[in-house]
Amino acid sequence: MKKGLLIVVIVILAIAAGFLYFSREEIIFPKDTTLYKAVPVTSPFFLEFNSLKAVPFGNPAIDELIEAEIWTRFFQLTQNLDTLIQNSDNFPANLRNTSFVLSFPFAGRNDLVPLIITGAEGNNRKKALENLIHHLYPSGKFSYSEKKYGKHTITEIGSAINNEPLFYSFAGDVFLIGSKSISVEQSIRQLVTDGILNNQYFRAVNKSAGSQADVALYINHQYFTDYAGQLLNGETKTEVDEFGETQRKNIRRQLESFKSFAEWTEFDFQFNDDHILLNGTAAADDSLGHFLSVFNGQQTVRFQAENALPQNTSFFCSYAFSDKDEFFKRLDNYFSHTDFYYTREERMKRFDRGTRSNFKNELQGMVKNEIIVATTTIPVDPENKTVYFMLQTENQPAAEERLNKLLSNYATRNNIEPAEMGMQYAVNEEISYPVYRFPYPSFPGIWLGSPFGIAKANYVAFYGDFMVFSNTERGLGEYLRSMELGAGLTKNTTFQRVKQKNASRANINVYADLNRAFGFGNELLSGKMVEILEEKSESLRKFGFVSWQIKQDKELFANSVVIDYNPNARDQAQTVWQSTIGQNISLKPRLVTNHNNVANREIVFQDKQNNLFQLTGEGRIRWSIPLSEPVLGEIHQVDYYENGKLQYLFNTKEKLYLIDREGNNVAHFPVEFESPATNGVNVFDYHNNRDYRYFIAHEDRKVVAYDKSGSALSGWVFETTESTVTTPVQHFRIDNRDYIVFKDETKVYIQNRRGETRVETSAWFENSKNPLFLDLNGTPKIVTTDVTGQVHYIYFSGEHEEKKTDSFGKEHFFIVDDLDGNTVPDFVFVDDNQLVVMDENGKKQFSEKFDNPLTYPPNIYTFGPELKKVGVVEATANRIHLFNPEGKQHEGFPLQGNTEFSIGKLSDNDTGLSLIVGSEGGKLYNYSLN
């Protein structure tokens, strides 16, 4: 029982520690307060249940926690008790309707001990409870012993099976049961001393609590922080600040400020199928130095954070206020009662001297009514996270003028050329923004305290009415690109669900996308908690977001927390950006080189209306051109003029195209074919001297070699194949010998560069639709399959070997590669709705069945010298999958998408990989992969 109840502690703290509160306006008469008298005043928090029936069995979110073995023992115990009382004549039925409190007082310095408190008025109730205990713990299996504690008796229930005893006692009109005697003793002592009912702030939040709430949670801020700190990372880190001084950072110590957040908080639980709602109030008093008092007298404000933040935001906190002068006055007063006061004042004076101004007043003068701190998707190593700090300005030109004056003063004082404080950041070829280097990166935390201390204001720019600071130049550039593309937070599907459940006006707004922010746990939490999160991650990630809103409401602060539950949360698009194309995409999006800026790639693809598109790496459409037909095969890049500028080479059924980076035809292209093409062009540059050869097969069964201008080569002597060639012509070089290889329906042709037969092979079988592959593991060989899925090795000596595999349908897809770097070829098959991976000896590595057919061939993606992964597309379900060699999906998959996809770096400055894929509704997504 002890272990189960402690798990409840962990989960409740995980929910409550970061968020906590919102709106309720009606005043309700107080509930029966008998049980509160027994709650030890040192309890950081306690739960109140109206009855056993109040426990929300069958709720999808609760079922998810039970499935993940979170709260399991607690729910099993309460459900068993409810069933036992309901189905037995030995216990009064009204026991099911008995309210109870689950409290967690401290035992020792940091150990929380669960304690259940319920009413025991009268001898009949006491007898019923004692009978229930003896039924659950029969004396034949458990030992009972008693001890006196003052005027009361404490009974210990022992077990020979484990060393987890229980202790219970009847004290006055309450029944107490806990896992340690000390918690029962604390409660007995509490009954005869001043308790939480003597605290005016507890009474205030209790009075405002909903009388019909089945489950309520009470937070005592004075003690909550002491325990919650144990869940956080206690490591002290050092960093050198802008003044060259070493600063020590400790997240656990920073939580101490939460003690002064408020005095008491209460909120009621409401369990829905797709979310858990917590409504309640917090009591704060400026005479006690509570932070929430900073918002006294402030009207709620329609917050603008959603219009200023990028689509890939993982967390934000915003303060919104109607009277900024009063807000900043109260903020200064709040800090004057904290240990941080003298540090803050000393730093502000340094900022003043460095800019020859009243630095704080200058910043406050720029602000309109909202301040924001935010992070984008948290990488595996949260040290590399991008953090934004934003001020909504009264007037953007005036704010920029003030900023320039501050920077000019700083430059003069430090003998720096003012021009060195700024630069132009080019979002693309047409749009650029001025970006400034900011000399005091620590000022957000110095000025505003937690959580703004996570921001480092190294760079600043203006976007619309917002002054935007970032910890990195790259991060600020990504922000400007995203916003120019219209990829704001309002386009985020997760945040759209938030808006449906949140109020549009508040004073404090907090939002966390738990999937995007999951990596934050590695920085914030203790090692033990990180292990728990990782172990339960599959279930916890289904709680897609948490939002928390606070507004000043008369003498209290109304609070609302929404915890989203979405069993398909992992399937939701979590993109860096999304671009709307209009029509669904038909040709695999490919990353291509931008010869004007080789550090940044561009993207080309075709849609189902045969329009060819080029997009920037930021997702902005540069151009689209209509084609009369679908592109066959791949789009290649060539340097036609041999000047370093690249063009796109590809073919349709009727024409060979060469298009420059601006979307214009090059030279005399397109070239019309004498006979329609039956495969996609392949490009060979034998000597890497840009003397290209283009190879295309045609309906007249000719395989034609073209020179770089698109004219047929007279030196290519090959005539015709026996049947149609539908897969690309290949060029393999083995031991400095060139092989031109292709196949028709039944034969494989191995020619030299003139088209003459180089290798005769006796291999004859009905070829599948899959291309030919070169495998260099062991003896070099050509690998392909027949229509039954059997694998054929064709050696360059002409010998032929058949590898036995499973049987597959005629329309199967096949690819071969060494996925795990063990030098043994792996065969990858896709047949209808099944993915099968086996080694060359037929040993199955893994297989996966899907709900829908896989209509595209599998693709192989390289993640390291000994790690390649297999990607497949479930197009009709708009899902893409990425598997490692053991059959486990890459973290975060499946994702949304309905085309083949490309994985690579869009920019050399990117810390992770980008996955580019088309999606339903004519969308192009850029996912960030760790």
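Note that the coordinates shown come from a computational prediction; the quantities given were computed from them, not determined experimentally. (Residues numbered from 1 in each chain as written. Predicted model: local features only at pLDDT ≥ 70, side-chain atom pairs only at ≥ 80, totals over all residues. Heavy atoms only, no water.)

Peer 1: Teacher, can you tell me more about the nonpolar core here?
Peer 2: Within soluble globular proteins, side chains that are nonpolar generally end up buried alongside one another. One finds Ile371, Phe389, Phe438, Phe443 and Trp447 to be the most contacted residues of the largest nonpolar core, which totals 105 residues. The element contributing the most residues to this core is helix α13 (residues 396-413), with 6 residues. The residues touching Phe389, leaving out its near neighbours within four places in the chain, are Ile371, Ile372, Phe443, Pro444, Trp447, Leu448, Phe452, Ala455, Met467, Val468 and Phe469. Residues Tyr433, Ala461, Phe495 and Phe545 belong to the second largest nonpolar core, which totals 28 residues. (Core = buried A, V, L, I, M, F, W, Y, C linked by side-chain atoms within 4.5 Å. Buried < 20%, exposed > 50% of the residue type's maximum accessible area, 1.4 Å probe, protein only. Helix = DSSP H or I, 4+ residues; strand = E, 2+ residues; numbered from the N terminus. Contact = heavy atoms within 4.5 Å.)

Peer 1: What exactly am I supposed to notice about the sheet that holds strand β30 (residues 611-615) here?
Peer 2: Each strand in a sheet pairs with another by means of backbone hydrogen bonds, the pair being arranged parallel or else antiparallel. Across the sheet, which stays open at both edges, the 4 strands sit in the order β28-β29-β30-β31 with antiparallel pairing between neighbours. Looking along the sheet, the strands with just one partner apiece sit at the ends: β28 (590-593) and β31 (621-626). For this sheet, the mean angle separating the axes of adjacent strands, direction not counted, is 25°. (Pairing = 2+ DSSP bridges. Axes fitted to C-alpha atoms, helices over the stretch in contact; angles between N-to-C directions.)

Peer 1: Honestly, the pairing of strand β6 (residues 142-149) in this entry has me stumped. Any pointers?
Peer 2: Residues in a regular strand project their side chains so that they alternate between the two faces of the sheet. Pairing between β6 and strand β7 (residues 152-159): 8 bridges, direction antiparallel. By the bridge assignment for β7, Glu146 is matched with Thr155. Where β6 folds back on β7, the antiparallel hairpin that results is connected by 2 residues, among which Gly150 adopts a positive phi of roughly 60°.

Peer 1: I would appreciate a short explanation of unusual backbone geometry in the present structure.
Peer 2: Only a minority of non-glycine residues have a phi that is not negative, and only a minority of peptide bonds are not trans. Pro451 follows Ser450 through a cis peptide bond whose omega is 0°. Mapped onto the fold, Pro451 is located in the loop between α14 (443-448) and β21 (459-463). For the peptide bond that leads from Phe669 to Pro670, omega is 10°, which places it in the cis range. Here Pro670 lies in the loop between β34 (655-659) and β35 (671-672). Unusually for a residue other than glycine, Asn688 sits at a positive phi of about 55°.

Peer 1: So what exactly am I meant to see when it comes to the side chain of Ser357 here?
Peer 2: Relative to the helices and strands, Ser357 resides in the loop between α11 (341-355) and α12 (359-366). Since its relative accessible area comes to 17%, Ser357 is described here as buried. Side chain to side chain, Ser357 and Thr355 meet in a polar contact 2.7 Å long. The residues touching Ser357, leaving out its near neighbours within four places in the chain, are Asp352, Glu362 and Leu406. (Polar contact = N/O pair within 3.5 Å; in protein donor to acceptor, adjacent residues only side chain to side chain.)

Peer 1: Even after reading the chapter, I still don't get helix α7 (residues 221-228), so can you show me in this structure?
Peer 2: In an α-helix, one full turn covers 3.6 residues, which means residues spaced three or four apart are oriented alike. Of the positions making up α7, those classed as buried are His221, Phe224, Thr225, Tyr227 and Ala228. For α7, the angular spread of buried residues about the axis comes to 170°, placing them on one side. (Arc of directions from axis to C-beta.)

Peer 1: What am I meant to see in the pattern of salt bridges here?
Peer 2: Pairs can form between side chains of opposite charge whenever their charged atoms are close. Applying the stated criterion to the full structure yields 45 salt bridges. Between Arg347 and Glu245 there is a salt bridge, with its nearest N and O atoms 3.9 Å apart. Taken together, the positions of Arg347 in helix α11 and Glu245 in the loop between β11 (236-240) and β12 (246-250) put the pair 102 residues apart, joining distant regions of the chain. Judged by relative accessible area, which is 30%, Glu245 ranks as partly exposed. Between Lys360 and Asp332 there is a salt bridge, with the nearest N and O atoms lying 3.1 Å from each other. Separated by 28 residues along the polypeptide, Lys360 in helix α12 and Asp332 in helix α10 (residues 324-336) bring together distant segments of the chain. With relative accessibility at 24%, the residue Asp332 sits in the partly exposed group. (Salt bridge = Lys/Arg side-chain N within 4 Å of Asp/Glu carboxyl O.)

Peer 1: Is there a simple way to explain the packing of aromatic side chains in this structure?
Peer 2: What describes a pair of aromatic rings is the distance from one ring centre to the other and the angle between the planes of the rings. Under the counting rule described, the total for this entry stands at 81 aromatic pairs. Judged by centre distance (6.0 Å) and plane angle (75°), the ring pair of Phe773 and Phe814 falls under edge-to-face. Taken together, the positions of Phe773 in strand β43 (residues 773-775) and Phe814 in strand β47 (residues 813-817) put the pair 41 residues apart, joining distant regions of the chain. Exposure class is identical for Phe773 and Phe814. Each is buried. For Arg758, the ring lying beneath its charged end belongs to Tyr739, and the centroid distance is 5.6 Å. Lys781 extends its terminal NZ or CZ atom over the ring of Tyr793, reaching a point 5.1 Å from the ring centre. (Phe/Tyr/Trp six-rings, centres within 6.5 Å; stacked < 30°, edge-to-face > 60°. Lys NZ or Arg CZ within 6 Å of the ring centre and 35° of its normal.)

Peer 1: I tried to follow the packing of α12 against α13 on my own but got confused; where do I start?
Peer 2: The axes of two packed helices give the description: the angle between them and the distance between them. At their nearest, the axes of α12 and α13 sit 9 Å apart, and the two run at 160° to each other. Judged by the inter-axis angle, α12 sits roughly antiparallel to α13. In terms of crossing hand, the pair formed by α12 and α13 is left-handed. Judged by residue contacts, Phe359, Glu362, Leu363, Gly365 and Met366 of α12 engage Ala399, Arg402, Leu403 and Leu406 from α13. Of the residues assigned to the contact of α12 with α13, the class counts are 6 nonpolar, 1 polar and 2 charged. (Parallel < 35°, antiparallel > 145°, perpendicular 65-115°, else oblique. Left-handed = near helix turned anticlockwise from the far one by under 90°. Nonpolar A, V, L, I, M, F, W, Y, C, P; charged D, E, K, R; others polar.)

Peer 1: Before we go on, may I ask you to explain the sheet that holds strand β40 (residues 737-743) in this structure?
Peer 2: In spatial order, the strands read β39-β40-β41-β42; together these 4 strands make up an open sheet with antiparallel pairing. Looking at the sheet topology across the chains shown, the edges are occupied by β39 (730-734) and β42 (757-759). Recorded for the sheet is a direction-independent mean angle of 45° between the axes of neighbouring strands. The pairing of strand β41 (residues 748-751) with β42 spans 2 bridges and is antiparallel.

Peer 1: Would you mind showing me how to read the environment of Gly892 here?
Peer 2: Mapping Gly892 onto the fold places it in the loop between β53 (879-883) and β54 (895-896). Separated by 478 residues in sequence, Gly892 and Asn414 have C-alpha atoms that sit 48 Å apart.

Peer 1: Teacher, can you tell me more about α12 here?
Peer 2: Within the span of α12, buried status applies to Phe359, Lys360, Leu363, Gln364 and Met366. All buried residues of α12 project into a common sector of 155° when viewed along the axis, lining one side.

Peer 1: I keep staring at the layout of surface pockets and nothing clicks. Help me out?
Peer 2: Volume-wise, the second largest pocket comes out at about 1,400 Å³. What lines the second largest pocket is a set of 39 residues, and nearest its centre among them are Gly633, Glu634, Pro728, Pro771 and Pro857. Elements that contribute at least two residues to the lining of the second largest pocket include exactly β32 (632-638), β36 (682-684), β39, β43, β47 and β51 (859-864). A per-class count over the lining of the second largest pocket returns 19 nonpolar, 14 polar and 6 charged. (1 Å grid on protein atoms, 1.4 Å probe; cavity = no way out; pocket = protein on both sides within 12 Å on 5 of 7 lines; lining within 4 Å. Points joined across faces, edges and corners; volume = space filled by probe spheres on them.)

Peer 1: Just to check I follow, could you spell out the side chain of Asn59 for this structure?
Peer 2: Within the fold, Asn59 resides in the loop between β1 (45-49) and α2 (60-67). Relative accessible area serves as the criterion here: at 7%, Asn59 is assigned to the buried category. At 3.0 Å, the side chain of Asn59 forms a polar contact with the backbone nitrogen of Ala61. A distance of 3.1 Å separates a polar atom in the side chain of Asn59 from the backbone oxygen of Asn272. In this structure Asn59 touches Phe271, Asn272 and Asp273, once residues within four positions along its chain are discounted.

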